[in-house]
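Read off the chains here:
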Amino acid sequence: MVNSLATKHEQILAFIDSLTVGNKISVRQIAKELNVSEGTAYRAIKEAENRGMVSTIERVGTIRIETKKKENFEHLTFAEIISIVDGQVLGGREGLHKTLNKFVIGAMKLDAMMRYTERDSLLIVGNRVGAHELAIQEGAAVLITGGFDTDEHVKRLADEKKLPIISTSYDTFTVAAMINRAIYDQLIKKEIVLVGDIYTSKNEVVFMTAKDKLEKWYQMNEQTTHSRYPVVDENNRVIGMVTSKDIIGKDKSLFVEKVMTKNPMTVQKETSLTYAAHMMVWEGIEIMPVVGPSQKLEGLVSRQDVLKALQHIQRQPHVGETIDDLVTSRLDVVEDGDSPAIYRSVVTPQMTNQLGTLSYGVFTSFVTEASSRLLRQYKKGDLVVENLSIYFIKPVQLESMLEIRPRLLEAGRKFAKVDIEVFNEKVLVGKALLLAQLIDR
């Protein structure tokens, strides 16, 4: 039966979490075991997939996998390899949840190949049945390129050892490039700081319940010196926030639910730090509840925590390179006595669209980065873009030298307005106006 303190959705997620890694699950099985509808079971399985608890593989089904820690993102599971190379499982399905430590390309003689092939690695090789068998015996999985099959006795050995044999129609070079690209994307994800990396967990925060009286707010205020507290219901769901403004002049015997601000803004652990910063600056919020599924309280994040973390990020080296990283690294400042700031950059192949001219998205990144540097030069702090208007943009060819001239039109304590002109060989090729909220440093 469903626990009265948990929704059916939460109960299914808890059930999936309790399963042994490698177990197969299905919508019908969960619906039957937990006495829920197939629609509810399907939605919960999708949520589990988003959280990295399960993986759905074509022609195999949904299996429970090991939930990845952030520091282990660059290690892929065999299940993920199948998705990356559009593969088909020939044997060893029960080992799809396992994580591989490295992959080896089998383009050498058999004995040399085996020196590099070790336990928990992946051998990428063509139709060399002897190599398939030896790799499985060494404790490695096998990825067969070119769409080839393998012998039945090798498949049986893979089932016995619980090591996957996967077949893909792609050639070896393409497969290696695809896996490298996936690892590189994972590294970029790993670098993105999330609310979950900096929040204060529920055991360390103070909160109120809907049935607490205002008198308790005063007691908590004396103990903590804080004035804002999340309010939860009997199921630990966040239903409001209560602040000094809500309680001033009110009878201390009133229940909190009568005066609290309902439906407060919340974030999840998976929310990016920059998005949380934007919300807090935009709405003028000092503290936000961090919630899990069904709005259950998991902790708090303060504006101060967010700003400290953002400043720390800016000083860290990056491994994966996004478009913004590319723009930032290629943008050089030019000294000019007549102008406060001029920046230059060459248009590289990665910055172009399918027509071979400067991409609109990269143009936006140039405008934002130049404005951000200008404001830091004036010691105005970091910016969160509120509005960006591009008046016009002309095609700019590959390998052109861009000159970006931002000009501060107006700046207050909380906002700034910047006019940006972009030139190519002294010809105006773009013009934009940026309005930004300022984050105090």
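Residues numbered from 1 in each chain as written. Predicted model: local features only at pLDDT ≥ 70, side-chain atom pairs only at ≥ 80, totals over all residues. Heavy atoms only, no water.

Student: Any chance you could explain a nonpolar patch on the surface here in plain terms?
Tutor: A cluster of nonpolar side chains, namely Tyr-360, Ile-390 and Ile-393, defines an oily patch on the protein surface of about 290 Å² accessible area. In this fold, Ile-390 is placed in strand S19 (residues 382–393). Note on Ile-390: relative accessible area 37%, which makes it partly exposed. (Patch = residues over 30% accessible without salt bridge, like charges linked within 9 Å, V, L, I, M, F, W, Y side chains within 5 Å. Areas by Shrake-Rupley, 256 points an atom, 1.4 Å probe, with all protein chains shown as cover. Salt bridge = Lys/Arg side-chain N within 4 Å of Asp/Glu carboxyl O. Helix = DSSP H or I, 4+ residues; strand = E, 2+ residues; numbered from the N terminus. Buried < 20%, exposed > 50% of the residue type's maximum accessible area, 1.4 Å probe, protein only.)

Student: Is there a simple way to think about the packing of aromatic side chains in this case?
Tutor: The description of an aromatic ring pair rests on the distance of the ring centres and on the angle between the ring planes. Evaluated as defined, the whole model comprises two aromatic pairs. Ring geometry for Trp-217 versus Tyr-229: centroids 6.4 Å apart, planes at 80°, classification edge-to-face. Linking Trp-217 in helix H10 (residues 214–224) with Tyr-229 in strand S11 (residues 229–232), this pair joins segments that are 12 residues apart in sequence. Using a relative accessible area of 5% as the deciding quantity, one classes Trp-217 as buried. Look at Tyr-229 and you get buried, because its relative accessible area is 1%. Every member of this aromatic cluster is reached through a ring pair, and the members are Trp-217, Tyr-218 and Tyr-229. Lying over the aromatic face of Tyr-218, Lys-252 brings its terminal NZ or CZ to 4.4 Å of the ring centre. The ring centre of Phe-423 lies 5.7 Å from the NZ or CZ of Arg-405, which sits over that ring. (Phe/Tyr/Trp six-rings, centres within 6.5 Å; stacked < 30°, edge-to-face > 60°. Lys NZ or Arg CZ within 6 Å of the ring centre and 35° of its normal.)

Student: What am I meant to see in the environment of Arg-156 here?
Tutor: Assignment of secondary structure puts Arg-156 in helix H7 (residues 152–161). For the pair Arg-156 and Leu-90, spaced 66 residues apart in sequence, the C-alpha to C-alpha distance is 9.7 Å.

Student: Would you explain the packing of helix H14 (residues 323–330) against helix H15 (residues 360–377) in this entry?
Tutor: Two measures define how a pair of helices packs: the angle their axes make with one another and the distance between the axes. Where H14 contacts H15, the axes come no closer than 10 Å and their chain directions differ by 55°. It follows from the interaxial angle that H14 and H15 lie oblique. When you trace H14 past H15, the crossing you get is right-handed. Contacts between H14 and H15 pair Ile-323, Asp-324, Val-327 and Thr-328 from the former with Val-362, Ser-365, Phe-366, Glu-369 and Arg-373 from the latter. Split into classes, the residues belonging to the contact of H14 with H15 amount to four nonpolar, two polar and three charged. (Axes fitted to C-alpha atoms, helices over the stretch in contact; angles between N-to-C directions. Parallel < 35°, antiparallel > 145°, perpendicular 65-115°, else oblique. Left-handed = near helix turned anticlockwise from the far one by under 90°. Contact = heavy atoms within 4.5 Å. Nonpolar A, V, L, I, M, F, W, Y, C, P; charged D, E, K, R; others polar.)

Student: How should I be thinking about the pairing of strand S16 (residues 297–302) in this particular structure?
Tutor: Here is the key point about a regular strand: its side chains alternate between the two faces of the sheet. Judged by how many residues are buried, S16 sits mostly within the fold: five of six residues are covered. Here strand S15 (residues 287–291) folds back onto S16, and the loop between the two strands holds five residues, one of which, Ser-294, carries a positive phi near 60°. (Pairing = 2+ DSSP bridges.)

Student: Looking at this structure, I do not really get the side chain of Asp-233. What am I missing?
Tutor: Along the polypeptide, Asp-233 turns up in the loop between S11 and strand S12 (238–242). Arg-237 provides the closest opposite charge to the buried, salt-bridge-free Asp-233, at an N-O distance of 4.4 Å. Within polar-contact distance, the side chain of Asp-233 engages the backbone nitrogen of Asn-235 at 2.9 Å. For Asp-233, the side chain forms a polar contact with the main-chain nitrogen of Arg-237, separated by 2.9 Å. (Lys, Arg positive; Asp, Glu negative; His and termini not counted. Polar contact = N/O pair within 3.5 Å; in protein donor to acceptor, adjacent residues only side chain to side chain.)

Student: So what exactly am I meant to see when it comes to unusual backbone geometry here?
Tutor: Leaving glycine aside, a negative phi is the common case for residues, and trans is the common case for peptide bonds. The phi dihedral of Asn-35 falls on the positive side, at around 55°, and the residue is not glycine. Turning to its location among the elements, Asn-35 is positioned in the loop between helix H2 (27–34) and helix H3 (38–50). The exposure class of Asn-35 is exposed, given its relative accessible area of 60%. A positive phi is found at Lys-162, a non-glycine position, where the angle reads about 55°.

Student: I tried to follow the sheet that holds strand S14 (residues 267–268) on my own but got confused; where do I start?
Tutor: Note: strands within a sheet are paired through backbone hydrogen bonds, in either parallel or antiparallel orientation. Judged by pairing direction, the sheet is mixed, and its four strands sit side by side in the order S9-S16-S15-S14 without closing on themselves. Both edges of this open sheet fall to strand S9 (200–201) and S14, since each of them pairs with a single strand only. Sheet topology places S14 next to S15; two bridges connect them, and they run parallel. Counterpart to Val-267 in the pairing with S15 is Val-290. Of the strands in this sheet, S14, S15 and S16 touch helix H12 (residues 273–283), which is tilted by about 140° from S15.

Student: Just checking my understanding: could you explain the confidence of the model for the protein chain for this structure?
Tutor: For any part of a model where pLDDT is low, the fine detail of the predicted coordinates should not be relied upon. With 88% of its residues at a pLDDT of 70 or more, the protein chain has an overall mean of 83. Considering only residues more than four positions removed or in separate chains, one finds that residues 1–5, a stretch of pLDDT under 50, has 10 contacts. (pLDDT = per-residue confidence, 0-100.)

Student: What should I look at first to understand the sheet that holds strand S21 (residues 415–424) in this one?
Tutor: With antiparallel pairing, the six strands of this open sheet are ordered in space as S17-S18-S20-S21-S22-S19. Every interior strand has two partners, whereas the edge strands, strand S17 (332–334) and S19, have only one. Within this sheet the neighbouring strands show an average axis-to-axis angle of 30°, counted without direction. As defined by bridge partners, S17 adjoins strand S18 (residues 342–346) across three bridges and the pair is classed as antiparallel. Bridging from a neighbouring strand, Val-333 pairs with Tyr-343 of S18. Where H12 meets the sheet, its contacts fall on S19 and strand S22 (427–439), and the angle it forms with S22 comes to roughly 70°. This element, H15, spans S18, S19, strand S20 (401–411), S21 and S22 of the sheet and lies at about 130° to S19.

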